[in-house]
Amino acid sequence: MLRATILPAGVAASLVLVPLPGAAAAPSADAVISEVYGGGGNSGATLKNDFIELANKGGAAFGLAGFSVQYISASPGPTSTWSVTPLTGSIAPGGRFLVAEAAGTGGTVALPTPDATGTLALSGTAGTVALVQGADALTCKTAADCAADPRVRDLVGFGTAVVREGSGPATGASNTASVARAANLADTDDNAADLKAGDPTPTNSKGETTGGGGPTTPTNPTEPGPLRIHDIQGNTRLSPKAGQTVPGIPGVVTGVRTYGSKGFWIQDTTPDADPATSEGVFVYTGSAAPTVKAGDSVLVTAKVSEYYPNQAGGSQSVTELTNPLITVVSAGNPVPAPVVLDDDSIPSAYTADAAGASIEANTLKPGSYALDLFESLEGMNVQVKNVRVVQATDQYHELWVEARRDDEKSKRGGAIYLGYDNPNSGRLMVQGLAPEAEKPFPLANVGDRLKGLTSGPLDYNQFGGYTLVADTLGTLQDNGLEREVTKEAAAGELTIATYNVENLDPGDPDTKFAELAKGVVTNLRSPDVVTLEEIQDNNGATNDGTVDASATVAKFVAAIKAAGGPAYDWRSINPVDGKDGGEPGGNIRQVFLFNPQRVSFTDIAGGTATTAVDVTGTGRSTALTASPGRIDPTNEAWNTSRKPLVGQFSFKGKKVFVIANHFNSKGGDQGIDSRFQAPTRSSEVQRVKQAGIEQAFVAKLLAADPQAKVVSLGDFNDYQFSPALTALTKDCVLRDLVNELPEKQRYSYVYQGNSQVLDHILVSPGLTHAKYDVVHINSEFANQASDHDPQVVRVKP
């Protein structure tokens, strides 16, 4: 909840076409139309005005400058036009924005003070409303045409509307009923499923709404109301009181956050007997810094909200109290004792498998599943003791610890990830409650320990799932982790390495080039061949059509030489601008570095960004048709992804074929902690296709020469146990060398506290002598030259 919501790579941010009759703007991660009412002032209506209510599901304010809401009749004809209400201002995270529209002649109750006012005369029963980027009237009059208009941010058709999203329009609108989204603001691009009819509940940005005989503004509570925090939290992941304004919720303040998502946590001092119901909750104060202090006994009147840090990405929600009115009853009260998280309290099983369905409505089983335990403690004070660090401190002043000693341990102190069924249930992110300027956060590496107690409220965010927001941090105990140096090559061994250098371009600091160069020269011992991933073009992320990367490579080669390394030569193929994914404008690609004093590169003309390399000849005459070349680069499997670069080398008179890889990223996958279990790994489909193409190419090489020496290496963005690597090694054309390491050493990357494999080196059967090493110099350290560890193999062709 600390940083603005960021859409993962691969999540659409524009409209997509779907078959008639339903239009569909891509499911929104932030602004949506949350409620539509067109019966204002009509016969039988209580409210005087029509209204459109907007909401923000995101973690940052959503600016409305330049946006508009627009309306068209249910069955637009040739002369029908869209009517427009321009908007200004913004919608706070988790907040509402009320647009008052035309008044009828009836009704007795005014809307709460609107945030914007227009004159749209909505039908009480049928029509279409759109949230539009721009104030020019839309021209589309069919579902398909509106779906194709990139200005449409969200769209709601109701009644008999022709223009709508999904299977049908929302039903049930009338002079006395609006159509509105559920409290979780779900947006599946199906109006019929997403919006239901009910009593109108117009709510403005201040949280004011209507009820009884007129607009009501809640007042500061003076005595406890009928509900307690456990009543609000309930025994599932969703509050049974979501969307309701609850009066006088009592609690003691356990922590105050004055940066990021501002607010404070309160906890009830008289818990119920149900272990599934949390006794803590976060009170979100918006842009205003909270004025309460830890130990204050308070009463809070507020609206219950389910906030999704990354709804589109499958995140869980956080039950919050929003737009609060707060009364401090007393100060200096004891803070409720923290719940201890350790081997005894955290189940080894992470979560139940719901066959990919949502687990939100399931009754929590905190004694059976770790995810359920953490949810049952959401917002409560928790503690860990003498825990080891399993992911180093990052730039946002966060680290990960392992609260269960029984979880799989890597050789160097991390939490090793060896299968989808064992994600290490005791992993927790730790953040500091106080701003960094007030209380510096420890700079820790993997294997270090936080000695003593670390305690604070248990939060949830899109970057780490359940997170201990620590007001008390244990003392850092340095484990003395050292960066590894690989073994020296023996006589007759060819050394081939891979290194993802993380979006390297000439504008990066000289210190980054120097650190990466040191890794090549000192830690990898200047390999004969190095395949690099994420080399950007000569002006980095500047998106001006530049694709050449000669300046980037030249600067890196010079840095290597300055570090005492060889004068590497290099080969690569420039991609087509904007076609290989990665950071926009950067045009990342793979590059071969090679030491011409040790190995020669066989240049064969014909390799281009779009020309497919092939195999020619048989036996010892087997060769590539282009070197360097790209494997089937126009195949749809490589859309917005890097194409494999293959090169033909000669070492002591022997041919060696090297394939440099960077498969498509995991962007868009649902996280391990997703509300959908098992989580969907949508990006996996493309990687499996990519693996199949490369496997077929290697098989063709081996068909021509069964003894062909092939090394395929790089960032495959997937695990050794994944379907992609299974597809790549089909028929034993390649063997994945990471599987020949002891289990505790199988990792090259650390993510969300799990030490895991993304980078691989694979060899063909003809390379029986292959000594493999993952050289841990980055992923376990707070100070990193890259987020990946390099790897090297020593082979005897």
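Counting restarts for each chain: residues are numbered from 1 in the order of the written sequence. For this predicted model, a pLDDT threshold of at least 70 governs which residues receive local features, and a threshold of 80 or more governs which side-chain atom pairs are given and counted, while totals over whole chains, interfaces and linings are taken from all residues. Note that water and hydrogens are dropped before the side-chain values are worked out from all heavy atoms of the structure.

Asker: Would you explain the overall build of the chain in this entry?
Answerer: Helix and strand content of the chain: 8 helices and 48 strands. Overall, the C-alpha framework of the chain stretches about 95 × 70 × 45 Å when taken along its three principal axes. Whether a residue is buried, partly exposed or exposed follows from its accessible area with a 1.4 Å probe, protein chains only, as a fraction of its type maximum: under 20%, in between, or over 50%, in that order. Within the chain, buried positions represent 58% of all 797 residues. With an accessible surface of roughly 28,900 Å², the chain has 51% of that area assigned to carbon and sulfur atoms. In this text, helices come from DSSP runs of H or I with a minimum length of four residues, and strands from runs of E with a minimum of two, each type numbered from the N-terminal end. Each accessible area is a Shrake-Rupley result for a 1.4 Å probe, and residues are judged covered by the shown protein chains and nothing else.

Asker: When you look at the pairing of strand β42 (residues 710-715) in this model, what are you seeing that I'm missing?
Answerer: Regular strands have side chains that alternate between both faces of the sheet. For β42, the buried fraction is high: 6 of the 6 residues fall into the buried class. Direction of pairing for strand β40 (residues 654-662) relative to β42: parallel, over a ladder of 6 bridges. In the strand pairing of β42, Ile 659 is matched with Ser 712. Strand pairing requires that DSSP identify at least two bridges connecting the strands. With 5 bridges connecting them, β42 and strand β46 (residues 759-763) associate as antiparallel partners.

Asker: Teacher, can you tell me more about helix α7 (residues 684-704) here?
Answerer: Note that an α-helix has 3.6 residues per turn; residues three or four places apart therefore point the same way. In this model α7 runs 30 Å from its N-terminal to its C-terminal C-alpha over 21 residues, within 8% of the 30 Å that 1.5 Å per residue would give. Buried within α7 we find Glu 684, Arg 687, Gln 690, Ala 691, Ile 693, Glu 694, Gln 695, Phe 697, Val 698, Leu 701, Leu 702 and Ala 704. At its buried positions, α7 is contacted by β36 (615-616), β37 (623-624), β39 (645-651), β40, β42 and α8 (723-728). A helix is expected to span 1.5 Å multiplied by its residue count minus one. Two residues form a contact once any of their heavy atoms are found within 4.5 Å.

Asker: Sorry if this is basic, but what is going on with the nonpolar core here?
Answerer: Soluble, globular proteins show a tendency: their nonpolar side chains are buried together. Buried Ala, Val, Leu, Ile, Met, Phe, Trp, Tyr and Cys residues that are joined via side-chain atoms within 4.5 Å together make up what is termed a nonpolar core. Ile 496, Phe 649, Val 711 and Val 793 are the most contacted members of the largest nonpolar core, which totals 29 residues. Those elements that place two or more of their residues in this core are β31 (494-504), β34 (589-594), β39, β40, β42, β46, β47 (770-774) and β48 (791-795). Sequence-distant contacts of Val 711, that is, excluding residues within four places in its chain, are made with Ile 496, Val 656, Phe 657, Val 658, Ile 659, Ile 761, Leu 762, Val 763, Leu 767 and Val 793.

Asker: Looking at this structure, I do not really get the pattern of salt bridges. What am I missing?
Answerer: It is possible for side chains of opposite charge to pair when their charged atoms get near one another. One speaks of a salt bridge when a side-chain nitrogen belonging to Lys or Arg is within 4 Å of a carboxyl oxygen belonging to Asp or Glu. This structure, assessed with the given rule, holds 27 salt bridges. Asp 154 serves as the salt-bridge partner of Arg 181, at 2.9 Å between the closest nitrogen and oxygen. Of the two residues, Arg 181 sits in strand β13 (residues 178-181) while Asp 154 sits in strand β11 (residues 152-158), which places them 27 residues apart along the sequence. Residues Asp 580 and Arg 630 are paired through a salt bridge, measuring 2.6 Å at the closest nitrogen-oxygen approach. Here Asp 580, found in the loop between β33 (569-571) and β34, pairs with Arg 630, found in strand β38 (residues 629-630); they are 50 residues apart in sequence, far enough to count as distant. Since its relative accessible area comes to 2%, Asp 580 is described here as buried. Exposure remark for Arg 630: the relative accessible area of 4% places this residue in the buried category. The network of salt bridges with common partners includes Asp 154, Arg 181, Asp 187 and Asp 194.

Asker: Sorry if this is basic, but what is going on with the sheet that holds β11 here?
Answerer: Across a sheet, paired strands are connected by hydrogen bonds in the backbone, their directions being either parallel or antiparallel. Spatially, 4 strands are ordered β6-β5-β10-β11 in an open sheet, and the strand pairing comes out antiparallel. One side of each edge strand has no neighbouring strand; the edge strands of this open sheet are β6 (83-86) and β11. Across the sheet, the mean angle separating the axes of adjacent strands is 15° when strand polarity is ignored. The pairing of strand β5 (residues 67-72) with strand β10 (residues 127-133) spans 6 bridges and is classified as antiparallel. Note on β10: the bridge partner recorded for Ile 72 is Thr 128. Note on definitions: angles span 0 to 180 degrees between N-to-C directions of axes, and those axes are lines fitted to C-alpha atoms, for helices only across the stretch in contact.

Asker: I tried to follow the packing of helix α5 (residues 510-523) against helix α6 (residues 550-562) on my own but got confused; where do I start?
Answerer: Two measures define how a pair of helices packs: the angle their axes make with one another and the distance between the axes. Contact geometry of α5 with α6 gives a least axis separation of 8 Å together with a crossing angle of 60°. Judged by the inter-axis angle, α5 sits oblique to α6. Crossing geometry of α5 relative to α6 is assigned as right-handed. Residue-level contacts link Asp 510, Phe 513, Leu 516, Ala 517, Val 520 and Val 521 of α5 to Thr 552, Lys 555, Phe 556, Ala 559 and Ile 560 of α6. Looking at the contact of α5 with α6 residue by residue, the class counts come to 8 nonpolar, 1 polar and 2 charged. Any angle that is under 35 degrees is reported as roughly parallel, and any over 145 degrees as roughly antiparallel; angles of 65 to 115 degrees are reported as roughly perpendicular and all others as oblique. Should the near helix be turned anticlockwise from the far one by less than a right angle, the crossing is left-handed, and should it be turned clockwise, the crossing is right-handed. Each residue is assigned to one class: nonpolar for Ala, Val, Leu, Ile, Met, Phe, Trp, Tyr, Cys and Pro, charged for Asp, Glu, Lys and Arg, and polar for all the others, Gly among them.

Asker: What exactly am I supposed to notice about the environment of His 397 here?
Answerer: With respect to the secondary-structure elements, His 397 resides in the loop between β24 (381-391) and β25 (398-402). Leave out the neighbours within four places in its chain, and His 397 touches Val 430, Gln 431, Gly 432, Glu 436 and Phe 441.

Asker: I tried to follow the packing of aromatic side chains on my own but got confused; where do I start?
Answerer: Each aromatic ring pair is summarised here by two numbers: the centre-to-centre distance and the angle between the ring planes. Aromatic pairing here means that ring centres of Phe, Tyr or Trp (its six-membered ring) are within 6.5 Å. Orientation follows from the plane angle: under 30 degrees is stacked, over 60 is edge-to-face, and everything else is tilted. One pass over the structure, following the stated rule, counts 18 aromatic pairs. For the ring pair Phe 592 and Phe 601, a centre distance of 6.2 Å and an interplane angle of 45° mean the geometry is tilted. For Phe 592, a relative accessible area of 0% corresponds to the buried category. Arranged with centres 5.1 Å apart and planes meeting at 25°, the rings of Tyr 719 and Phe 721 form a pair that is stacked. What makes Tyr 719 buried here is its relative accessible area of 9%. The side chain of Arg 483 reaches across the aromatic face of Phe 781, ending 4.1 Å from its centre. Only lysine NZ and arginine CZ atoms are considered, and such an atom sits over a ring when it is within 6 Å of the ring centre and within 35 degrees of the ring normal.

Asker: Looking at this model, I keep getting lost on unusual backbone geometry. Mind explaining?
Answerer: Glycine aside, residues mostly have negative phi, and peptide bonds are mostly found in the trans state. With an omega dihedral of 0°, the bond running from Ser 627 to Pro 628 counts as a cis peptide bond. Here Pro 628 lies in the loop between β37 and β38. Cis geometry is found at the peptide bond from Gln 677 to Ala 678, where omega equals -5°. Mapped onto the secondary structure, Ala 678 falls in the loop between β41 (676-677) and α7. In this structure, Arg 525 takes a positive phi of about 60° despite not being glycine. Tracing the sequence through the fold places Arg 525 in the loop between α5 and β32 (529-535).

Asker: Would you mind going over the sheet that holds strand β19 (residues 280-286) with me for this structure?
Answerer: In spatial order, the strands read β17-β18-β19-β21-β20; together these 5 strands close into a barrel with mixed pairing. Taking each pair of neighbouring strands and ignoring which way they run, the sheet shows an average axis angle of 55°. The pairing of strand β17 (residues 245-257) with strand β20 (residues 297-307) spans 6 bridges and is antiparallel. Pairing of Val 246 across the sheet is with Ala 302, part of β20.

Asker: Whenever I open this one, the side chain of Asn 204 confuses me. Can you help?
Answerer: Inspection of the secondary structure assignment puts Asn 204 in the loop between β14 (195-198) and β15 (209-211). Classification of Asn 204 by relative accessible area gives buried; the value is 2%. Polar contacts, as used here, are pairs of N or O atoms within 3.5 Å; protein pairs need one atom able to donate a hydrogen and one able to accept it. Residues neighboring in sequence count only if both atoms are side-chain atoms. Separated by 2.8 Å, the side chains of Asn 204 and Glu 208 make a polar contact. In this view, Asn 204 contacts Arg 96, Leu 98, Pro 112, Thr 113 and Asp 115; residues no more than four positions away in its chain are not counted.

Asker: Explain the side chain of Ser 641 to me, please; I cannot follow it from the model alone.
Answerer: Relative to the helices and strands, Ser 641 resides in the loop between β38 and β39. Taking relative accessible area as the criterion, Ser 641 reaches 0% and is therefore assigned buried. Apart from the residues lying within four places of it in its own chain, the contact partners of Ser 641 are Lys 579, Asp 580, Gly 581, His 662, Phe 663, Asn 664, Gln 686 and Gln 690.

Asker: Looking at this model, I keep getting lost on α5. Mind explaining?
Answerer: An ideal rise of 1.5 Å per residue puts 20 Å on 14 residues; α5 measures up with 19 Å between its terminal C-alpha atoms. Every buried residue of α5 is listed here: Lys 512, Phe 513, Leu 516, Ala 517, Gly 519, Val 520, Val 521 and Asn 523. Against the buried residues of α5 lie β31, β32 and α6. Phi for Arg 525, located one or two positions after α5, is positive at around 60°.

None of the figures reported here should be taken as evidence of function without further support.
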